Amino acid sequence: MNAVVWAKLFGMTVVGAGLLWWLGRRAGAPERRLAVVLLASFVLRLAIGLVVFLIALYEWPVLKSLQLGSGFWLFGIDARVYHHLAVQLAQAWSLGTELPKFELPIEYFAVVASVYRLMHGAHPLYGVAFNCWLAAFSALAAYWLARRLMAPRLALWAAVAVSFWPSSVLWSSQLLKDSLSWVLILSTLTLVVALVQAAQEDARRPPAWWIARAAGLLVMVVLLTRLRFYVGTMVSLACLLTVLPAGIYALARRQPRRGLVWIATGAAV
């Protein structure tokens, strides 16, 4: 690793940390605790990601049987494939040539390739740093979801649990699509809860509010299903078993506004 890579990683760290701090302060959490949790989660994940990558890069005598070389590990074997395909995609974009044909869904490769283009280089650690940021951001998404369902103090503990869950810290240190999946899952749930709760409230919201959240829900579910088909299927099944029946019941109880919004939410998913 040369000085240019380290300089770019430092820049990503500073920008990512600053953005998380700003988002955490604007989330309305008590004092600065949420911002501190997000920042600590990001720094911890990135530090572990760097150490794990360097061990496999320089072939240090740590869990040698699990090392694949070049910074990759056997327990995250897909990371090597994702990096290779993202490099091809980034090169095609840069040269203006025809995109390579992939047998796997292109969405995650496109995300990693976009990070490589933005950083003007294709180093796996750029993708790892972005994954660590996404994983830290997923705690903020968990806080937003929990705030709609419970007290602020409990929502903060939900963010803490998501921030430092041991297995999530490990997976975010690899160039895998888990971190992006977590963000999409929590964002999807947050939008569903927001639409369902809005239908129960008396306050009228402008059409743009409904359109923006419905469009966001559609995008989240499509991307989630493209990334992990079985997760998208489970989300769809959950709506079929909960939101849609609740909407039909509301219509039967002569609550048309609530029933129609709930049915539309389930249908969108």
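Note: the structure precedes this text.
Being a predicted model, the structure only gives us computed values, none of them experimental. Here the residue index of a chain counts from 1 through its sequence in written order. Residues qualify for local features only when their pLDDT is at least 70, as the model is predicted, and side-chain atom pairs are given and counted only at 80 or more; totals for whole chains, interfaces and linings, by contrast, use all residues. Each side-chain value is derived from all of the structure's non-hydrogen atoms; neither hydrogens nor water enter the calculation.

Visitor: Go over the pattern of salt bridges, please, and point to the residues and values.
Guide: We define a salt bridge as a side-chain nitrogen of Lys or Arg found within 4 Å of a carboxyl oxygen belonging to Asp or Glu. One pass over the structure, following the stated rule, counts two salt bridges. Residues E107 and R226 are paired through a salt bridge, measuring 2.9 Å at the closest nitrogen-oxygen approach. Separated by 119 residues along the polypeptide, E107 in helix 4 (residues 107-119) and R226 in helix 9 (residues 207-227) bring together distant segments of the chain. Whether a residue is buried, partly exposed or exposed follows from its accessible area with a 1.4 Å probe, protein chains only, as a fraction of its type maximum: under 20%, in between, or over 50%, in that order. For R226, a relative accessible area of 41% puts it in the partly exposed group. Among the ionic pairs, D178 bridges to R228, the shortest N-O distance being 3.3 Å. Note that D178 is positioned in helix 8 (residues 178-200) and R228 in the loop between helix 9 and helix 10 (229-241), a separation of 50 residues in sequence. Secondary structure elements follow DSSP: runs of H or I no shorter than four residues count as helices, runs of E no shorter than two count as strands, and numbering proceeds from the N terminus.

Visitor: Please give an account of empty space enclosed by the protein that cites residues and values.
Guide: A pocket, in this scheme, is an open set of points on a 1 Å grid over the protein atoms alone with protein on both sides within 12 Å along at least 5 of 7 lines, while a cavity is a set where a 1.4 Å probe fits but cannot get out; residues line either one if an atom lies within 4 Å of a point. Grid points are joined across faces, edges and corners, and a volume is the space filled by probe spheres set on the points. All told, the structure shown has two cavities of 30 Å³ or more when counted by the stated rule. A volume near 60 Å³ is recorded for the largest cavity. Elements that contribute at least two residues to the lining of the largest cavity include exactly helix 2 (33-57), strand 2 (72-73) and helix 5 (124-147). The element that contributes the greatest number of residues to the lining of the largest cavity is helix 2, accounting for three residues. A class-by-class count of the residues in the lining of the largest cavity yields eight nonpolar, four polar and no charged. Gly falls in the polar group here, along with every residue not listed as nonpolar (Ala, Val, Leu, Ile, Met, Phe, Trp, Tyr, Cys, Pro) or charged (Asp, Glu, Lys, Arg).

Visitor: I'd like to hear about helix 8, residue by residue, with values.
Guide: In this scheme, a helix's expected span is set at 1.5 Å multiplied by one less than its residue total. The end-to-end C-alpha distance of helix 8 is 33 Å, a good match for the 33 Å that 23 residues give at a rise of 1.5 Å each. Here helix 8 lies mainly inside the structure; 19 of its 23 residues are buried.

Visitor: Before we move on, can you summarise the environment of N131 with the specific residues and values?
Guide: Relative to the helices and strands, N131 is located in helix 5. C-alpha of N131 to C-alpha of S94: the two residues are 37 residues apart in sequence and 23 Å apart in space. Contact definition: two residues touch when any of their heavy atoms are within 4.5 Å. Setting aside its immediate chain neighbours within four residues, N131 contacts Y108, S172, Q174, L175, L176 and S179.

Visitor: Please give an account of the packing of aromatic side chains that cites residues and values.
Guide: For any two aromatic rings, the description comes down to two numbers: the centre-to-centre distance and the angle of the planes. Note on aromatic contacts: the rings of Phe and Tyr and the six-membered ring of Trp form a pair at centre separations within 6.5 Å, being stacked when their planes are under 30 degrees apart, edge-to-face when over 60 apart, and tilted otherwise. This model, assessed by the stated rule, comprises eight aromatic pairs. Seen from their ring centres, Y82 and F109 are 5.7 Å apart, and the 50° between their planes marks the pair as tilted. Remark: F109 occurs in helix 4 and Y82 occurs in helix 3 (residues 78-95); sequence separation between them is 27 residues. No difference in accessibility class separates Y82 from F109, as the two residues are buried. Seen from their ring centres, F137 and W144 are 5.9 Å apart, and the 80° between their planes marks the pair as edge-to-face. In textbook terms, an aromatic cluster arises when at least three aromatic residues are bridged by ring pairs, as seen for W73, F75 and W171. Only when the NZ atom of a Lys or the CZ atom of an Arg is both within 6 Å of the ring centre and within 35 degrees of the ring normal do we say a charge sits over the ring. The ring of W209 carries R205 above its face, with NZ or CZ at 4.6 Å from the centroid.

Visitor: Quick rundown of a nonpolar patch on the surface? Include the residues and the values.
Guide: Here a patch means residues that are over 30% exposed by relative accessible area and free of salt bridges, tied together within 9 Å if like-charged and within 5 Å if nonpolar (Val, Leu, Ile, Met, Phe, Trp, Tyr). Computed with the Shrake-Rupley method and a 1.4 Å probe, the accessible areas treat only the protein chains shown as cover for residues. Nonpolar side chains collect at one region of the surface, where Y58, W60, V62 and L63 lie side by side and expose about 400 Å² of accessible area between them. Mapped onto the elements, Y58 comes out in the loop between helix 2 and strand 1 (67-69). With a relative accessible area of 43%, Y58 lands in the partly exposed category.

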